[in-house]
Amino acid sequence: ARPGAVFTPDAKVLATFGEETARCLSERLIAQCLRGLQPQLRRGAGLGPWELVSAGADKVIGTIVTMKALPGELPAGMAPCIAVTETLTGWEDIPAGIVAVLLPAGHAVDVLSHVAIRARNQKVLLASCDDEAILKELHGLSGTRLKLSVSPSGDVTWSVPAKDEGAAASEADKAAAANG
């Protein structure tokens, strides 16, 4: 028998059945509990507040720009840009000119999500942080040109680059962003 031949369920029930089933699975509940425990588990393992999804290029130099979410396209003149976002869904594309995406751990994306794969392919640094003080500090640095580094333990650190450091890369990023 084909689906719906024996009875005709409400269309809304059919549309939400999978989502409702997934919400009630014990695996989802365990994952939510572990997400809340993750900062303590990371510290207990001797790890810092950063969860690295993509290490990006060897040199990540750009201007800090705070944004609610990734834009579809980076406005002209903003490349190279280090995006400090409030949220990611995992389905975004990373616009040309963005060299790093940093976000709160509450909105961390799966390593196999679309945006994570794009970040690795585009050599964009993608990391989430569970320390509100660090995120607040990054928000305060909006408009500042920084050089980001990833330590062997996966921590993201930053410094002010030398004036000539990254200048050639900056011009290449601006050209790439202009050409879309």
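For clarity, every value in this text was computed on a predicted model and none was experimentally measured.

> What is the right way to look at the sheet that holds strand β7 (residues 156-159) in this model?
Paired through backbone hydrogen bonds, the strands of a sheet run either parallel or antiparallel to each other. Spatially, 7 strands are ordered β1-β5-β4-β3-β2-β6-β7 in an open sheet, and the strand pairing comes out mixed. One side of each edge strand has no neighbouring strand; the edge strands of this open sheet are β1 (50-55) and β7. For this sheet the average axis-to-axis angle between neighbouring strands, irrespective of direction, equals 30°. Relative to strand β6 (residues 145-150), strand β2 (residues 60-67) runs antiparallel, the two sharing 4 bridges. Each residue of the ladder has a partner; that of Gly-62, found in β6, is Leu-146. Contacting β1 and β5 (125-129), helix α3 (residues 114-122) crosses the sheet at an angle of about 55° to β1.

> I keep staring at the nonpolar core and nothing clicks. Help me out?
The nonpolar side chains of a soluble globular protein tend to be buried, and buried together. Ranked by internal contacts, the top residues of the largest apolar core, which has 19 residues, are Leu-70, Leu-88, Ile-98, Val-101 and Leu-126. Of all elements in the fold, only β2, β3 (81-85), β4 (98-104) and α3 reach the threshold of two or more residues within this core. With near-sequence residues (within four places) excluded, Leu-70 lies in contact with Ala-83, Thr-85, Leu-88, Glu-92, Asp-93, Ile-94, Ile-98, Val-101 and Val-115. Judged by nonpolar contacts, the second largest core, of 17 residues, contains Ile-82, Val-99, Ala-100 and Leu-135.

> Help me understand a nonpolar patch on the surface, please; the structure alone is not making it clear to me.
A cluster of nonpolar residues, Ile-30, Leu-34, Leu-37 and Leu-41, forms a patch on the protein surface that exposes about 380 Å² of accessible area. One can find Ile-30 in helix α2 (residues 26-44).

> Which parts of the structure should I look at to understand the pattern of salt bridges?
If the charged atoms of two oppositely charged side chains come close together, the side chains can form a pair. Considering all chains together, one arrives at 4 salt bridges under this definition. Notably, a salt bridge pairs Glu-86 with Lys-68, separated by 3.3 Å at the nearest N-O pair. You can see Glu-86 sitting in the loop between β3 and β4 and its partner Lys-68 sitting in the loop between β2 and β3, a full 18 residues away along the chain. Judged by its relative accessible area of 39%, Glu-86 falls in the partly exposed class. Owing to a relative accessible area of 59%, Lys-68 belongs among the exposed residues under this scheme. With a closest N to O distance of 2.8 Å, Glu-165 and Lys-147 form a salt bridge.

> I keep staring at α3 and nothing clicks. Help me out?
A turn of α-helix holds 3.6 residues, and therefore any two residues three or four places apart point the same way. Residues Val-115, Ala-116 and Ala-119 constitute the buried set of α3. Down the axis of α3, the buried set is contained in an arc of 105°. They therefore lie on one face. The inward-facing, buried residues of α3 abut β1 and β5. Taken from the residues just after α3, Lys-123 is the one with a positive phi, measuring 55°.

> Help me understand the pairing of β5, please; the structure alone is not making it clear to me.
The side chains of a regular strand alternate, first on one face of the sheet and then on the other. Counting buried residues in β5 gives 5 out of 5 residues, a clear majority hidden from the surface. Of the two faces of β5, both are covered, the one formed by Leu-125, Ala-127 and Cys-129 as well as the one formed by Leu-126 and Ser-128. Sheet topology places β1 next to β5; 5 bridges connect them, and they run antiparallel. What sits directly across from Ser-54, in β5, is Leu-126. In this fold, the crossover linking β4 to β5 by way of α3 has right-handed handedness.

Parameters at a glance
- Residues numbered from 1 in each chain as written.
- Predicted model: local features only at pLDDT ≥ 70, side-chain atom pairs only at ≥ 80, totals over all residues.
- Heavy atoms only, no water.
- Pairing = 2+ DSSP bridges.
- Helix = DSSP H or I, 4+ residues; strand = E, 2+ residues; numbered from the N terminus.
- Axes fitted to C-alpha atoms, helices over the stretch in contact; angles between N-to-C directions.
- Contact = heavy atoms within 4.5 Å.
- Core = buried A, V, L, I, M, F, W, Y, C linked by side-chain atoms within 4.5 Å.
- Buried < 20%, exposed > 50% of the residue type's maximum accessible area, 1.4 Å probe, protein only.
- Patch = residues over 30% accessible without salt bridge, like charges linked within 9 Å, V, L, I, M, F, W, Y side chains within 5 Å.
- Areas by Shrake-Rupley, 256 points an atom, 1.4 Å probe, with all protein chains shown as cover.
- Salt bridge = Lys/Arg side-chain N within 4 Å of Asp/Glu carboxyl O.
- Arc of directions from axis to C-beta.
- Right-handed = clockwise from strand over helix to strand, strands pointing away.

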